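Structure at a glance
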Amino acid sequence: MNNKFYSVKPILDLNKKQIFIETYGCQMNVNDSEVVLSILQNSGYSLCDAPESADLILINTCSIRENAEQKIWSRIEQLKHIKGKKAHLGIIGCMAERLKEELLENGVVTLVAGPDSYRDLPKLINNLSESNKQINTILSEEETYADISPVRMDKNGVSAFISIMRGCNNYCTYCVVPYVRGRERSRDPKTIINEAKVLFENGYREITLLGQNVNSYSWDNNQFSFWMLLEEIAKIDPLLRVRFSTSHPKDMDNAVIDTVAKYPNICKHIHLPVQSGSNAVLKRMSRKYTRESYLERVEYIKKVIPECSISTDIIAGFCGENEQDHMDTLSIMKEVGYYTAFMFQYSQRPNTMAAKNLEDDVTPQDKNRRLNEIISLQNELSLLSNQNDVGKVFEVLIEGTSKRSDKELFGRTSQNKVCVFPANEQKVGEYVSVKVLSCSSATLKGEIVK
Ligand code: SAH
Ligand code: SF4
Ligand code: F3S
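Remember, predicted model here, so these are calculated numbers, not experimental data.

**Digging into the site of ligand 2**
- Taken together, C168, N170, Y171, C172, Y174, C175, V177, P178, Q212, H248 and R287 make up the full set of residues near ligand 2.
- Tallied by class, the residues present in the shell around ligand 2 amount to seven nonpolar, three polar and one charged.

**Here's the deal with unusual backbone geometry**
- In this structure, the amide linkage connecting S245 to the following residue, T246, adopts the cis form with an omega of 10 degrees.
- Unlike most non-glycine residues, Q275 shows phi in positive territory, near 70 degrees.

**Overview of the packing of aromatic side chains**
- Under the definition given, this model contains six aromatic pairs.
- On the numbers, 5.9 Å between centres and 15 degrees between planes, the contact of Y118 with Y145 is stacked. Placement of the pair is Y118 in the loop between β5 (111-113) and α4 (121-126) and Y145 in the loop between β6 (134-136) and β7 (159-163), with a sequence separation of 27 residues.
- Residue Y118 is classed as buried on the basis of its relative accessible area, which comes to 0%.
- When the centroid spacing of 5.9 Å and the interplanar angle of 35 degrees are considered together, the rings of Y289 and Y294 count as tilted.
- Members of the aromatic cluster, joined through ring pairs, are Y174, F318 and Y346.
- The positively charged end of R65 is found above the aromatic ring belonging to F344, 3.6 Å away from the centroid.

**Some remarks on the environment of T191**
- Take T191: it is sitting in helix α6 (residues 189-201).
- The spacing of T191 and Y145 is 46 residues in sequence and 9.9 Å in space, taken between C-alpha atoms.

**Side note on the pattern of salt bridges**
- Scanning all chains against the criterion turns up 33 salt bridges.
- Linking R75 and E22 is a salt bridge whose minimum nitrogen-to-oxygen distance equals 2.6 Å. On the criterion of sequence distance, the pair formed by R75 in helix α2 (residues 66-82) and E22 in strand β1 (residues 17-23) is long-range, its members being 53 residues apart. Judged on exposure class, the residue R75 and its partner E22 are both buried.
- R152 is the partner of E195 in a salt bridge, and the nearest nitrogen-oxygen pair spans 2.6 Å.

**Describing the sheet that holds strand β15 (residues 309-316)**
- Taken in spatial order, the three strands make up an open sheet running β14-β15-β16, and their pairing is parallel. At either end of the open sheet lies a strand with only one pairing partner, and these are β14 (269-271) and β16 (340-345). Strand after strand, the sheet turns through a mean of 10 degrees between neighbouring axes, direction not considered.
- Bridging between β14 and β15 involves three bridges; their strand directions are parallel.

**So, empty space enclosed by the protein**
- What the rule picks out here adds up to one cavity of 30 Å³ or more.
- Its boundaries defined by the atoms lining it, the largest cavity holds a volume of some 60 Å³.
- Lining of the largest cavity is provided by N31, D32, V35, T144, Y145, I148, P150, S163, R166, R187 and E195.
- With three residues, helix α1 (residues 27-42) is the largest single contributor of residues to the lining of the largest cavity.
- Residues belonging to the lining of the largest cavity are distributed by class as follows: four nonpolar, three polar and four charged.

The rules behind the values
- Each chain has its residues counted from 1, running along the sequence as written.
- Chain letters start at A and ligand numbers start at 1, both assigned in the order the entries are written.
- Residues qualify for local features only when their pLDDT is at least 70, as the model is predicted, and side-chain atom pairs are given and counted only at 80 or more; totals for whole chains, interfaces and linings, by contrast, use all residues.
- Just so you know, side-chain values use all the structure's heavy atoms and leave hydrogens and water out.
- Any residue with a non-hydrogen atom lying within 4 Å of a molecule or strand is treated as near it.
- Lys, Arg, Asp and Glu make up the charged group, whereas Ala, Val, Leu, Ile, Met, Phe, Trp, Tyr, Cys and Pro make up the nonpolar group; the residues left over, Gly among them, are polar.
- Classification of ring pairs rests on two measures: the distance between centres of Phe, Tyr or Trp rings, Trp counted by its six-membered ring, which must be within 6.5 Å, and the angle between planes, read as stacked under 30 degrees, edge-to-face over 60 and tilted in between.
- Working definition: helices are DSSP H or I runs of at least four residues, strands are E runs of at least two. Numbering for both runs from the N terminus.
- Here the term buried applies to any residue with accessible area under 20% of the maximum for its type, exposed to any over 50%, and partly exposed to those in between, with areas from a 1.4 Å probe on protein chains only.
- Working rule: Lys NZ or Arg CZ, within 6 Å of ring centre, within 35 degrees of ring normal, means a charge sits over the ring.
- Any Lys or Arg side-chain nitrogen located within 4 Å of an Asp or Glu carboxyl oxygen qualifies as a salt bridge.
- At least two DSSP bridges between two strands are required for those strands to pair.
- Structural elements are reduced to axes, namely lines fitted to C-alpha atoms, with helices fitted over the stretch in contact, and the angle between N-to-C directions of any two is expressed from 0 to 180 degrees.
- Site definitions follow a grid-based scheme: protein atoms alone, a 1 Å grid, a 1.4 Å probe that fits but cannot get out for cavities, and for pockets an open set with protein on both sides within 12 Å along at least five of seven lines, plus lining residues having an atom within 4 Å of a point.
- Grid points are joined across faces, edges and corners, and a volume is the space filled by probe spheres set on the points.

None of the figures reported here should be taken as evidence of function without further support.
As structure tokens, this is what we get:
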């Protein structure tokens, strides 16, 4: 990869064809949009910031839950009225992969491209006309976009995502990802390390390594595994913070945890999705760990990295979940003491194993009540976790000016907690030591100490 060709800013050029990109879903989709922009900038397109002025509007979509797709359908309806007469509307990403031609049927969408076909976009767009709609939803076993330098669309210029692998082989029974993202494949570590170095040289101070299950990253016939990659990235510079997501509990080994402990610049935060605290439910989800083995992993993390924060994902009301299963989820939350969590009601996805073999039998009322109980417990746990930090000093990487007041800055601690404090001379991208003086369940408030 040639550093010289690495561009970190979108090009704005009104003489060129204008594209507008809107992104939904997870961090991997955010990074994919940056790959798409890179490909399109190289073939003469320029990014614009309003759909009204675009020649081409792309929506990068998510299929993870039914409401994620519903949101996109209403957005398509809105854009039908917003977009110029000659503009094209393209659907890319996971929903493109799942629904394919169905998306072309309403006459608004003229282009459909799945997550592995982005290199084909310039050709598809060239051939595009009202009477000649374009679609490519072929999944690949090799594509990792390893040689493409994503064009960063984020505003702060401090933190960036790097995808280290694509796809997923786990087939958790509720999940659509393996069907819309294809087989798991790892990206050449040389290209990952180089991308991280170039980002650092361009002023970035935090990178997050992304994959659906980063712990199963593997290169060179299993000779090079995730903890080695983590170590290589950490060694680039002590001022470069490293994060990673997502860890699957079944593959979270001691070597990764030990590496996090060893390097001060690998952030002391582990996102470890539990989904449920009940063994019966975990089995039906095909998660391949038990409550006990999950807790054993948490125990090891707490032993080796006492200051580590742990967050999670939880699904309420999966097939066959009874009140006792639900209580088991509440109790594991307390036992681990998550500092934050992403919490969802189970949403049946067509063609998944759960849709084929299990009954979606928890009533909407019960799903809703259980989710609310999970959310209010998490609020208590988040507050407790933050209260525990009051009086302590943390190193914070400054990300920007607080939304509430321009006299305040905000950033994150290594534990990934948002921290707000009065501004001095410091700038975005710098590290400061902040003493925590008070907190809510969502933020720490403090002041800079020398
Ligand atoms: N690869 C990650 C998760 C990716 S999807 C992992 O294995 O942890 C993010 C989260 O969405 C999942 O952790 C799960 O909690 C939730 N999710 C996935 N499918 C869902 C469904 N059908 N209904 C509700 N939540 C779902
Ligand atoms: Fe979905 Fe499971 Fe793969 Fe995560 S590990 S993306 S939940 S199938
Ligand atoms: Fe959604 Fe696709 Fe990510 S389904 S969660 S955007 S991998």
